[in-house]
Amino acid sequence: MRDVPETPVDARPRSDGPAGRAPVPADRFNLRMPFPVPLPARRSFASRPQGRALVGRLRSLPRTWPNSIRLAWDEERAFGHPFLVLPVLMALGAILWFSARDPPSMVTLAVLACVFCIASVALHARPGLLSLALIAATFLLLGAAFAAFETARTTTILLDSPVTTTLTGRIVSREITGKNAYRYVVALQSTEAPVLRRPPATLTLTVRGGRPARVGETIKGRARLSPPSGPALAGLNDFGFDSFFKGIGAVGYALGNPQVVATPVPDRAGRGGSIEAAWQGLAIWREAIGIRIRATIPGDAGAIGAALVTAEERAIGDDSITALRNSGLGHVLAISGMNMVLAAGTLLVGLRTGLSLVPGLAHRVPIKKIAAAGALAMVCFYILISGGAVSAVRSWIMIVIMLVAVFFDRPSISLRNVAVAALVILAVDPSSVSGPGFQMSFAATLALVAGYARWRQRKVKGGRRGGNEILAGVRSFLAGLFLSSLMGGVSTMVYSAAHFNQLPAYGLLGNMLAMPVIGIVVMPAGLIAMLLMPLGLDTLPLIVMGYGLEVMMAVARFVSSLGGQIFTGRLPPSAFALIAIGGLVLCLLRTWLALAGLGLVAAGLCVAGLASSERPVLVIAEDGRLAAIIEGGAGASNRSRPPALIYGQWTRALRLDRHVAPIVRADLALPEPPARASETRKRPPFAPGAAAASLQRLVAEGTRDRFSCVPGQWCATTSRDGWVIVTVEDRRLIGVACDRADIVVTSASPAFTTCRSGAMLASGPSL
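Since the model is a prediction, treat every value here as computed from it, not as a measurement. Per chain, residues are indexed from 1 in the order of the written sequence. A pLDDT threshold of at least 70 governs which residues receive local features in this predicted model, and a stricter bar of 80 or more applies before side-chain atom pairs are shown or counted, although totals over entire chains, interfaces and linings include all residues. Based on all heavy atoms of the structure, the side-chain values leave hydrogens and waters out of the count.

A few words now on the state of the cysteines. Put simply, a disulfide is two cysteine sulfurs that come within 2.5 Å. If you walk through the whole model with that rule in mind, you get two disulfides. In this model, Cys 709 is linked to Cys 715 through a disulfide, with the two sulfur atoms separated by 2.0 Å. Disulfide Cys 709-Cys 715: torsion about the S-S bond near 115 degrees, hence right-handed. On the basis of relative accessibility, which here comes to 6%, the residue Cys 709 falls in the buried class. When its relative accessible area of 1% is taken as the criterion, Cys 715 is described as buried. Here Cys 738 is linked by a disulfide to Cys 755, with a sulfur-sulfur distance of 2.1 Å. Since a negative S-S torsion denotes a left-handed disulfide, the Cys 738-Cys 755 link at about -40 degrees is left-handed. For each residue, the accessible area found with a 1.4 Å probe, counting protein chains only, is set against the maximum for its type, and the residue is called buried under 20%, exposed over 50%, and partly exposed in between.

Next up, the structure:
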């Protein structure tokens, strides 16, 4: 049955009917028809009052470029499209504030925003360039003010430097990360040996082995803690920025198995205690759902099914995650707009169809609004059991606004609703604007909604075509699947290249093959399983969901075997800005002015293609433990197995094709000097002469652009420019390295900040 809006149909007799028939009251036939009713075609813009006025102006003005631009802009204003630019201005204001070295205060921004707002209201009756400039300045300042307010109200304390300590804390939530391994979110209560002066309030702790602690229990044990990671290179993702606004002040792992300590049960009589108890119960419920799904669906398919419902991704195997990312299906794992739309749409269509089967019910009650209310309740439940991740909250706000629009008989899928959702999110969580989740989510949504609007207009203009309806439906489904995958993939390409420096080689093919299975089998079966789980009848739907996930993984492995990721390297900021703005212009405007977006995109591609591909000579990790010499497409590091998180980002950003391991020179190891009786806490220093001779041999006998390492002491190499580079592990060798090298890298914190020889010293505090 074709989905037709439930519009009142005037069934009164025609004026040319039989004479003498009494008129029938109009409200008697104000029916909601349960069957498809042919609706009149939408009036063109030229037949509307605004359109007639513009047509009259067009005929009276000479055909020049300035007049054509002015008339096209007047048409955009008549459709209310300038409102769609307001979220873009707010986002730009937030980005500028976060990027500023010395940003203005919240009070200053709020006062300026009020001043410009009053001025724009005063000039509202006289629209013009000045009025538009005032409105633009107002929303730019509002975006910056919201960013300043969020920063001021965030009280996260970040750990200053890596430390090993004994901690005591209460488990807020936990997530399985592998076989007998858990990742806990811990509310820190105390530390000892040593006592931290600025302890973080919340941290994440990975524990392997032992009996897993339950949510709400208090644990005590030795742990190695570190600050959240910053960007691996300038311009890459800053995980510390995200952790700060999430309230996570440190990350670490347990040294051994923490002990569950007996603590008194806190008093939960107050309002704060009740809220805390509710969140703890919700975390336990969420974990039980994940365990149930993984117990019913074996293997990685069960872990993926749990991730689709509860956002617990860490139990998925590395091979499966790699296959999903290489095939362009990595977005399936995140609780994003796609998951929310599929879940809400499944319930909306299913509930509306079921209610329409009740005889006479569709004539008496608005079943579409009842179905929208059910979908609204479902997405609220979904956001609760998904853990409230930032990407899930953004998608939830967007879906809620679209469903609420149904209650007021407004179009649920429209650019205006997308703009309203963006305004709400920017006011509540402006820090998310700089992350890939916000940008890719709204880019894909904007492209799909704009494309849907243009496709709908094309169908209205083309009219209904004859032929086999089944074949036409199949053709329409395949065309919609292809276009939605194409628009979603193309619209997010620039953000994937900018944030992750890679693109899936066959992402379009992977989405076209897998999305029908996800939309028709996986998500509906998962939704039915969640509805039946309280009754214990969820086994069969979960089995069906598992079969669908196995098919999806088969598609992912097949597409991944065709070719993996394409490394794009770092995208120039100017190219990224031009392409992103061009895409916004293409989607937000409806007149021929939208073609200007194509010019901006082409200019951005030219800037990206002409950008210099020169690589740096030396790259250093922020903790000073990892360094690499870059020569051509090779990266020669001072570690035989560099950390995948850091080196993987270097590989993508610098487009490296191979790793060169260091040469191990254990024969040059300095013997440990005997300890003195008076020095019980400090290790005695090495003999300067022996250390200098060892370093000289390490450099002279080494290979250019490849590190030679003495395990546990230091590594050295000579760059193509003749620089002697030394990375120091043993802090007792920093002085000797400063005297003999041009660049010294260490993770330690020496008493001095510069080398007396003039060599560059990159130490832990300076990095």
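Back to the text.
This next bit is on the sheet that holds strand β9 (residues 618–620). In spatial order, the strands read β9-β10-β11-β12; together these four strands make up an open sheet with mixed pairing. Across the chains shown, the open sheet's two edge strands, defined by having one partner strand only, are β9 and β12 (658–660). Taken pair by pair, the neighbouring strands of this sheet meet at an average axis angle of 30 degrees, ignoring direction. The pairing of β9 with strand β10 (residues 627–631) spans three bridges and is classified as antiparallel. By the bridge assignment, Ile 620 is partnered in β10 with Ala 627. A pair of strands is treated as paired once DSSP finds two or more bridges between them. Secondary structure is summarised from DSSP: a helix means a run of H or I of at least four residues, a strand means a run of E of at least two, and numbering begins at the N terminus for each. As a rule, the C-alpha atoms of each element are fitted with a line to give its axis, helices using only the stretch in contact, and angles between N-to-C directions run from 0 to 180 degrees.

This brings us to the packing of aromatic side chains. Working definition: a ring pair exists when centres of Phe, Tyr or Trp rings (six-membered ring for Trp) sit within 6.5 Å. Plane angles under 30 degrees give stacked, over 60 give edge-to-face, the rest tilted. Within this structure, the stated rule accounts for 10 aromatic pairs. Of the aromatic side chains, those joined through ring pairs into one cluster are Trp 97, Phe 98, Phe 241, Phe 244 and Phe 245.

Reported here for the second largest pocket is a volume of approximately 430 Å³. Of all the elements in the fold, those that place two or more residues in the lining of the second largest pocket are α2 (65–78), α3 (86–99) and α5 (129–153). Among the elements that make up the lining of the second largest pocket, the one with the highest residue count is α5 (four residues). Partitioned by chemical class, the residues of the lining of the second largest pocket number 10 nonpolar, three polar and one charged. Using a 1 Å grid laid over the protein atoms alone, points where a 1.4 Å probe fits but cannot get out form a cavity; open sets with protein on both sides within 12 Å along at least 5 of 7 lines form a pocket; any residue with an atom within 4 Å of a point counts as lining. Grid points are joined across faces, edges and corners, and a volume is the space filled by probe spheres set on the points. Just so you know the grouping, Ala, Val, Leu, Ile, Met, Phe, Trp, Tyr, Cys and Pro go in nonpolar, Asp, Glu, Lys and Arg go in charged, and all remaining residues, Gly too, go in polar.

Time to look at the environment of Thr 296. Structurally, the position occupied by Thr 296 is in helix α7 (residues 271–296). Thr 296 gets classed as buried once you look at its relative accessible area, which sits at 19%. Spatially, the C-alpha atoms of Thr 296 and Gly 546 are 8.5 Å apart, while their sequence positions differ by 250 residues. Aside from chain neighbours lying at most four places away, what touches Thr 296 is Thr 539, Leu 542 and Ile 543. Definition of a polar contact: a pair of N or O atoms within 3.5 Å, with one able to donate and the other able to accept a hydrogen when the atoms are protein atoms, and with sequence-neighbouring residues admitted only if both atoms are side-chain atoms. Within the structure, Thr 296 has its side chain in polar contact with the backbone oxygen of Arg 292 (distance 3.0 Å). Contacts between residues were defined by any pair of non-hydrogen atoms, one from each residue, lying within 4.5 Å.

What follows deals with the packing of α3 against helix α14 (residues 415–428). Packing of α3 against α14 leaves a shortest axis separation of 9 Å and a crossing angle of 25 degrees. Judged by the inter-axis angle, α3 sits roughly parallel to α14. Crossing hand, α3 versus α14: left-handed. Across from Leu 86, Pro 87, Met 90 and Ala 91 in α3, the residues of α14 making contact are Ala 419, Ala 422, Leu 423, Leu 426 and Ala 427. Considered class by class, the residues forming the contact of α3 with α14 number nine nonpolar, no polar and no charged. Oblique is the label for any angle not covered by the other classes, which are roughly parallel (under 35 degrees), roughly antiparallel (over 145) and roughly perpendicular (65 to 115). If you view the pair so one helix is near and one far, a crossing is left-handed when the near helix is turned anticlockwise from the far one by less than a right angle, and right-handed when it is turned clockwise.

Moving on, we get to the side chain of Glu 150. Residue placement: Glu 150 occurs in helix α5. Neither His nor the chain ends is counted toward charge; the positive residues are Lys and Arg and the negative residues Asp and Glu. Salt bridge, as used here, is a side-chain nitrogen of Lys or Arg placed within 4 Å of a carboxyl oxygen of Asp or Glu. In this structure Glu 150 is buried but unpaired, with Arg 153 as the nearest side chain of opposite charge at 4.3 Å. In this structure Glu 150 touches Phe 98, Phe 245, Val 428, Asp 429, Pro 430 and Ser 431, once residues within four positions along its chain are discounted.

With that settled, consider helix α4 (residues 106–122). With 17 residues, α4 should reach 24 Å at 1.5 Å per residue; the first-to-last C-alpha distance of 24 Å fits that figure. Buried residues along α4 sit against α3 and α5. Multiplying one less than the number of residues by 1.5 Å gives the expected span of a helix.

Turning next to the nonpolar core. In globular proteins that are soluble, nonpolar side chains generally tend to be buried together. In this structure, Val 379 and Met 552 are the most contacted members of the largest nonpolar core, which totals 53 residues. It is helix α17 (residues 507–532) that contributes the most residues to this core, 10 residues altogether. Membership of the second largest hydrophobic core comes to 36 residues, among which are Ala 94, Leu 415, Ala 421 and Phe 442. By convention a nonpolar core is built from buried Ala, Val, Leu, Ile, Met, Phe, Trp, Tyr and Cys residues, the set being connected through side-chain atoms within 4.5 Å.

Per residue, pLDDT captures the predictor's confidence, and it can take any value from 0 to 100. Model confidence for the chain is summarised by a mean pLDDT of 81, while 86% of its residues fall at 70 or above. Within the chain, α3 carries the highest mean pLDDT (93), whereas helix α1 (residues 49–60) carries the lowest (53). Scored below 50 in pLDDT, residues 1–46 shows 46 contacts in the model against residues more than four places distant or in partner chains.

All right, on to the packing of helix α19 (residues 573–588) against helix α20 (residues 596–610) then. At a closest axis distance of 7 Å, the pairing of α19 and α20 adopts a crossing angle of 160 degrees. With respect to their mutual orientation, α19 and α20 come out roughly antiparallel. Seen along the crossing, α19 lies across α20 with a hand that is left-handed. Listed contacts from α20 to Ser 574, Ala 575, Leu 578, Ile 579, Ile 581, Gly 582, Gly 583, Val 585 and Leu 586 of α19 are Ala 596, Gly 597, Leu 598, Leu 600, Val 601, Ala 603, Gly 604, Leu 605, Val 607 and Ala 608.

With that out of the way, let us pick up the sheet that holds strand β13 (residues 663–664). Strand order in this open sheet of six strands is β13-β14-β15-β16-β17-β18, and the pairing throughout is mixed. Of all strands in the sheet, those bounded by a partner on one side alone are β13 and β18 (760–762). The pairing of strand β15 (residues 714–718) with strand β16 (residues 724–728) spans five bridges and is classified as antiparallel. Paired with Ala 716 across the bridge in β16 is Val 726.

Taken as a whole and judged by the stated rule, the model has 15 salt bridges. Asp 160 is the salt-bridge partner of Arg 198, the closest N and O atoms lying 2.9 Å from each other. Of this pair, Arg 198 sits in the loop between β2 (181–192) and β3 (202–208) while Asp 160 sits in the loop between α5 and β1 (163–178), and the two are 38 residues apart along the sequence. Assessed through its relative accessible area of 58%, Asp 160 is described here as exposed. Its salt-bridge partner being Glu 287, residue Arg 174 comes within 2.1 Å of it at the nearest N-O pair. Taken together, the positions of Arg 174 in strand β1 and Glu 287 in helix α7 put the pair 113 residues apart, joining distant regions of the chain. We classify Arg 174 as buried; its relative accessible area is 13%. Residues joined by salt bridges that share partners form a network here, namely Arg 665, Asp 667, Arg 697 and Glu 701.

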